Each structure stands twice: as structure tokens, then as C-alpha cells.
Amino acid sequence: DAGVTQSPTHLIKTRGQQVTLRCSPISGHKSVSWYQQVLGQGPQFIFQYYEKEERGRGNFPDRFSARQFPNYSSELNVNALLLGDSALYLCASSLAGGMNYGYTFGSGTRLTVV
Amino acid sequence: DQQVKQNSPSLSVQEGRISILNCDYTNSMFDYFLWYKKYPAEGPTFLISISSIKDKNEDGRFTVFLNKSAKHLSLHIVPSQPGDSAVYFCAASDRLGGSQGNLIFGKGTKLSVKP
């Protein structure tokens, strides 16, 4: 069984550019959440999507956006990149939106903004 | 201000002994707590969780204790094994508040288990 897959694994972008990160959840999982982990910190919640609708949004600027597709895969977009956006971006999937089902995380996309 | 705090950045334990990782929280609305383990170049892996209606949950070598009055939880690993060496994250959620998708993580504790 494939776990949560994220692409690309590594990415280098220049300040001001835009980036799209992709996530495929575990088969059958309908909820996808995105987290940002900067060095030395724990993951910080960005978005949750369930059944293609946004269910939650963390304290991130409007430069961050996401969507979920009919096949439950998801994309995270970040516009006008800043140096501070350099981080590990984690995608997590679960059967439903609630905590009872637990989350499975992907290995993440390491974004470096130069 | 951090709502979930792991005040020990690192912990070193001898193989076979007990590892105790601690976590404190400030938000009394948190009703569900989780521990994740993270190896380098991998995503966090779910270990064990506990609901606020319980004070203990056990799964094999892993036990989580919750002290609601102190807003404190701990993860006990007995016996510790070298393969347990990783960064451990404590996370909390306010499910009843509707933020089901929002896990609040601590900064993590790096556990080193020495043979």
C-alpha cells in the first residue's frame, strides 16, 4: 500500500517566485492537511481539506492557498515567496476530518528560497 | 506564545532503561493529545494518543499519561531501544471546538538511546 506521497521532495526557488507542492493521500482517505515545519520548530498547521472543501486554515498569509481535487489529491500554492518560507512542507491524510482516525504524514517537500 | 511546550530539546537514555518525554500545554480546551516520532528525511509517524477523558493509554512499550489539572502529559518508553532514537513531537487538538484538522505541535525532543 502506498503511503502519503508528496512531490517534489526538494525544491529551490528565488524570492518572489511562486511554487506548487503536490500531495496524494492514502487510497480511501478523503481528508488532506498541510503543515509547515521550519528548522527547530514543530509542524505548524496551514490548511485542512475534506471532501474538496476547506475545513480549516491556520495563521498564514493569503499568499498561501490550497485546493483538493475530486481524486482527493491536493496542491499547496505559495505566491511571492519570501526567505522565511523556506521549510519542510508536510502533507497528512486521514479517512475523515476528525482526530479519531489519526493522521498519516508524507515525507514532505523541502523548500529552499534563495 | 506556545500552546504546547516541550521544554527538553534533547534526552539521552541507556538502552533498556525508561525514557520519559514531557509535554505541557496551556489551552484548557485541548481534548485530544498525540505523540509523533520523526526520523530525519521522513514525515512524523503517529505513535500513541489519549483523549482528555482518560489519564493513561498504553500500547506495547509506549504509555502516555495525562494530568489535566497540571496541563501536563508524558510519554514513557520501556524498555528503550536504539531504534527509538528520533525526534518526538507532542501535539494537541481542540476537537470539540471544531478545529478537528488543526494539530498544535510542540518543538520536539530529540531522544538518543545509547547501546
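Residues numbered from 1 in each chain as written. Chains lettered and ligands numbered in written order. Predicted model: local features only at pLDDT ≥ 70, side-chain atom pairs only at ≥ 80, totals over all residues. Heavy atoms only, no water.

Asks: It is not clear to me how the overall build of chain A should be interpreted in this structure. Could you clarify?
Replies: Of the regular secondary structure elements, chain A holds zero helices and 11 strands. Of the regular secondary structure in chain A, the N- to C-terminal order runs β-β-β-β-β-β-β-β-β-β-β. For chain A, the C-alpha radius of gyration of 13 Å lies close to 13 Å, the compact-globule estimate for 114 residues. With respect to the principal axes defined by its C-alpha atoms, chain A has extents near 40 × 25 × 25 Å. Looking at the 114 residues of chain A, the share that counts as buried comes to 52%. Counting contacts in chain A only where the partners sit at least 6 residues apart, residues at least 24 apart contribute 53% of the total. Surface exposure of chain A reaches about 5,400 Å², of which carbon and sulfur atoms provide 48%. In chain A, the 10 positive side-chain charges and the 7 negative ones have mean positions that sit 6 Å from each other. (Helix = DSSP H or I, 4+ residues; strand = E, 2+ residues; numbered from the N terminus. Rg over C-alpha atoms; globule rule 2.2 N^0.38 Å. Buried < 20%, exposed > 50% of the residue type's maximum accessible area, 1.4 Å probe, protein only. Contact = heavy atoms within 4.5 Å. Areas by Shrake-Rupley, 256 points an atom, 1.4 Å probe, with all protein chains shown as cover. Lys, Arg positive; Asp, Glu negative; His and termini not counted. Charge placed at Lys NZ, Arg CZ, Asp CG, Glu CD.)

Asks: For this particular structure, what's the right way to read the state of the cysteines?
Replies: Disulfide: a covalent bond formed between the sulfur atoms of two cysteine residues. Inspection of the entire model under this criterion finds two disulfides over all chains. Residue pairing for A:Cys23: its cysteine sulfur links by disulfide to A:Cys91, the two sulfurs lying 1.8 Å apart. Handedness here is read from the sign of the S-S torsion; for A:Cys23 and A:Cys91, about -65°, the answer is left-handed. Placement of A:Cys23 in strand β3 (residues 19-24) and of A:Cys91 in strand β9 (residues 87-94) is noted, with a sequence separation of 68 residues between them. Judged by its relative accessible area of 2%, A:Cys23 falls in the buried class. The residue that forms a disulfide with B:Cys23 is B:Cys90, at a sulfur-sulfur distance of 2.1 Å. (Disulfide = S-S within 2.5 Å.)

Asks: Can you walk me through the interface of chain A and chain B in this structure?
Replies: Bring the parts together and some accessible area is lost; that lost area is often taken as the interface size. Opposite the 19 residues of chain A that make contact, chain B presents 19 residues. Taking both sides of the interface into account, the surface hidden between chain A and chain B amounts to around 1,500 Å²; carbon and sulfur atoms contribute 58%. Counting across the interface, chain A meets chain B through zero salt bridges. At the boundary of chain A with chain B, the tally comes to one residue pair in polar contact (both at pLDDT 80 or more). If you list the elements that add at least two residues to the side of chain A that touches chain B, you get β4 (31-37), β5 (44-50) and β9 of chain A. Within the side of chain A that touches chain B, the residues separate by chemical class into eight nonpolar, 11 polar and no charged. (Buried area = accessible area lost by both parts, 1.4 Å probe. Salt bridge = Lys/Arg side-chain N within 4 Å of Asp/Glu carboxyl O. Polar contact = N/O pair within 3.5 Å; in protein donor to acceptor, adjacent residues only side chain to side chain. Nonpolar A, V, L, I, M, F, W, Y, C, P; charged D, E, K, R; others polar.)

Asks: What is the right way to read the pairing of strand β7 (residues 64-68) of chain A from this model?
Replies: In the case of a regular strand, side chains alternate between the two sheet surfaces. Residues and elements named next belong to chain A. Side-chain alternation along β7 places Phe-64, Ala-66 and Gln-68 on a buried face and Ser-65 and Arg-67 on a face that remains uncovered. By the bridge criterion, five bridges tie β7 to strand β8 (residues 74-78) in an arrangement that is antiparallel. Pairing of Arg-67 across the sheet is with Glu-75, part of β8. The hairpin formed by β7 and β8 contains five residues between the paired strands, and Tyr-72 there has a positive phi angle of roughly 75°. (Pairing = 2+ DSSP bridges.)

Geometry only, nothing functional implied.
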